[in-house]
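Summary of the model geometry
The chain contents come next:
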Amino acid sequence: MKRPPPPFLALVAAAAQQGMSRGASPASGLRRPAAVAVATASVAIAGGAASRFRAVRTTVEPFDPSKASSLVVTGPNSRTRNPMYLGMAGVLVANALRRGSWTGVLPIVGFVAVIDRFQVAAEERALAEKFGAAYTTYCASVPRWLGPRTFTG
C-alpha cells in the first residue's frame with residue numbers, strides 16, 4: 001500500500017485547520033509568542049533529528065526504512081523515536097494556538113493517528129527486522145512519541 005508522504009499529510013492537516021478555524025479571532029496577547037515558541041521548538045526537534053540522520057549518512061526517506069544504514073539513537077532520537085513526526089505535529093499545534101481555535105486541534109489528532117497507525121507502525125516493523133536486538137533495546141528505553149514506551153513490534 002502506497003502511503004502519502006508525512007509532510008503532505010501535515011499540509012493537509014494545516015489546510016483543515018484553516019478551514020475549521022474560519023472566523024476565529026486574530027492571534028493576540030500571549031497566543032502569538034506562544035505559537036512562535038512552540039513552532040521554533042518543533043522545527044528544532046525535527047531539524048536536529050534530520051541533521052543526525054545526515055551526519056551518519058542514513059536515510060530520512062520514510063517509505064523504505066530498510067534503506068537505513070544506521071540506527072540513530074542520539075540527539076532528539078534519545079527522547080522520542082519519532083522526532084521528525086513530533087516536530088510536524090508540534091508545528092500543527094503552533095498553528096492551532098496561533099489561530100485560537102479549539103476545532104483546529106482535531107486535524108492534529110487525525111495527523112498523529114494516521115502517522116502512528118500507518119507510517120510509524122510500518123517503520124517499526126522494518127527497523128526491528130533490520131536492527132534486531134539493538135532496536136528492541138532502543139524501544140524499551142525511548143518512547144514512540146513522548147511519555148511511556150509504546151513499542152508494539
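Everything below is about the structure printed above this text.
This text gives an overview of the structure that appears in the document. (Residues numbered from 1 in each chain as written. Predicted model: local features only at pLDDT ≥ 70, side-chain atom pairs only at ≥ 80, totals over all residues. Heavy atoms only, no water.)

1. Re helix α2 (residues 31–55)
Over its 25 residues, α2 runs 36 Å from end to end, which matches the ideal 36 Å to within 8%, given 1.5 Å per residue. For α2, the complete set of buried residues consists of A35, S42, A46, A49, A50 and F53. Tucked into the core, α2 has its buried residues touching α3 (83–99). (Helix = DSSP H or I, 4+ residues; strand = E, 2+ residues; numbered from the N terminus. Expected span 1.5 Å × (residues − 1). Buried < 20%, exposed > 50% of the residue type's maximum accessible area, 1.4 Å probe, protein only. Contact = heavy atoms within 4.5 Å.)

2. Looking at the environment of A68
Looking at where A68 falls in the secondary structure, it is placed in the loop between α2 and α3. The residues contacting A68, other than those within four sequence positions of it, are T58, T59, L127, K130 and F131.

3. Details of unusual backbone geometry
Of note, the phi angle at R57 is positive, near 60°, even though the residue is not glycine. Here R57 is to be found in the loop between α2 and α3. Exposure remark for R57: the relative accessible area of 73% places this residue in the exposed category.

4. What about helix α1 (residues 6–20)?
Between its first and last C-alpha atoms α1 spans 21 Å; for 15 residues at 1.5 Å apiece the expected length is 21 Å, and the two agree. Those residues of α1 that are buried lie in contact with α3 and α4 (106–141).

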